[in-house]
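Here's the letter readout for the chains.
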Amino acid sequence: MNSLTIHVLTIFPGMFESFLRFGILKRAIDKGLVNVSLKNIRDSAFDRHGTVDDTPYGGGAGMVMKADVLAASLKTIESFRLGKRENAPLVPVIYLTPQGKHFDQQAANRLSMAGEFILVCGRYRAIDERFVELYVTEELSLGDFVLSGGEGAAMAVIDAVARLIPGVMQDFESGMEDSFQDGLLDCPWYTRPEIFENLKVPDVLLSGNHAAIKKWRREESMKRTGLRRPDLYENAKENDLEQI
Ligand code: ADE
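Residues numbered from 1 in each chain as written. Predicted model: local features only at pLDDT ≥ 70, side-chain atom pairs only at ≥ 80, totals over all residues. Heavy atoms only, no water.

### Let's talk about the packing of helix α4 (residues 105–112) against helix α6 (residues 151–162)
Contact geometry of α4 with α6 gives a least axis separation of 8 Å together with a crossing angle of 70°. One way to sum up the angle between α4 and α6 is to call them roughly perpendicular. In contact with A108, L111 and S112 of α4, α6 contributes V157, A160 and V161. For the contact of α4 with α6, the per-class residue count stands at five nonpolar, one polar and no charged. (Axes fitted to C-alpha atoms, helices over the stretch in contact; angles between N-to-C directions. Helix = DSSP H or I, 4+ residues; strand = E, 2+ residues; numbered from the N terminus. Parallel < 35°, antiparallel > 145°, perpendicular 65-115°, else oblique. Contact = heavy atoms within 4.5 Å. Nonpolar A, V, L, I, M, F, W, Y, C, P; charged D, E, K, R; others polar.)

### Considerations on the sheet that holds strand β5 (residues 93–102)
If you trace the five strands from one edge of the open sheet to the other, you get β2-β1-β6-β5-β8, paired in parallel fashion. With one partner strand each, in any of the chains shown, β2 (34–40) and β8 (138–141) form the two edges of the open sheet. Pairs of neighbouring strands in the sheet enclose a mean axial angle of 35°, with direction left out of account. Inspection of the sheet shows strand β1 (residues 4–10) paired to β2 by seven bridges, in the parallel sense. When the bridges of β2 are listed, V8 appears paired with L38. (Pairing = 2+ DSSP bridges.)

### Points about the side chain of S44
Counting through the fold element by element, S44 comes out in the loop between β2 and β3 (53–54). The exposure class assigned to S44 is buried, which follows from its relative accessible area of 12%. Leave out the neighbours within four places in its chain, and S44 touches V69, A72, S73 and T76. (Buried < 20%, exposed > 50% of the residue type's maximum accessible area, 1.4 Å probe, protein only.)

### Concerning the site of the ligand
Near the ligand you find L96, T97, P98, L140, S141, L142, G143, F145, V146, L147, G149 and A153, and these make up its full shell. The backbone of G143 places a nitrogen or oxygen atom 3.3 Å from a nitrogen atom of the ligand. Between the ligand and the protein, one listed contact pairs a nitrogen atom with a backbone N or O atom of F145 at 2.7 Å. Here the ligand loses 96% of its free accessible area of 260 Å² to cover by the protein chains. Counting only elements with at least two residues in the shell around the ligand, the list comes to β5 and β8. Per element, the largest residue contribution to the shell around the ligand is three residues, and it comes from β5. Here the residues of the shell around the ligand are counted per class, giving eight nonpolar, four polar and no charged. (Near = heavy atom within 4 Å. Polar contact = N/O pair within 3.5 Å; in protein donor to acceptor, adjacent residues only side chain to side chain. Areas by Shrake-Rupley, 256 points an atom, 1.4 Å probe, with all protein chains shown as cover.)

### Remarks on the sheet that holds β3
Spatially, the three strands line up as an open sheet ordered β3-β4-β7, and their pairing is mixed. Pairing within the sheet leaves two strands with one partner each, and these edge strands are β3 and β7 (126–127). The pairing of strand β4 (residues 64–65) with β7 spans two bridges and is parallel. Each bridged residue has a counterpart across the sheet, and for M65 the counterpart in β7 is I127.

Coordinates in, geometry out; function isn't part of it.
Quick look at the structure:
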């Protein structure tokens, strides 16, 4: 069975508790398909105040998360090991930061097959670069904006990845047909009533003609992608030609 273990290093493990208790994620966890293990970085602090940050060398506003505390926290993860030859972590250690590579559906697919990975949530101004250099195997960003910490980004990554584990979605098909899974945005969807404030559901969806509906949905997806995301459209058009 393709299950997944995600470790999260954070100073706010409580932020994840309700997030993990609802919907698809709760089901995935209850079924034993996804295991999320929360580590409070503060538990690895070296003083009785639980200090995890300090002022930056060279001055400047804000605080920097301490490399020694982060490394100590990472090493409490049983499966964390450095490879003998490269001295690099064997389990992916992912730091969530706006400086990272953009997280997308392709990255979600890749991580869903990793078996196990570690997410590091930063807070404050930054984390000490030496921790990144020594222990981080990959930096991921949700986009070109700044969050107050990595926790929101970690939740987005956990959600996007967990739903790709086979058996997590009630109907695995619906996962495979999501926006982006084939490089396209999703088509419009409708449910009852048939007429809502004078707007009628497109006739084709009431026709019962499954081939026509499939074709319409594909065309709507292409149209939408072309209008809203011309950057995705060119790639998708090539894939579409290959499918015919
Ligand atoms: N931490 C702060 N901002 C972030 C972003 N945009 N993506 C990922 N992690 C972050």
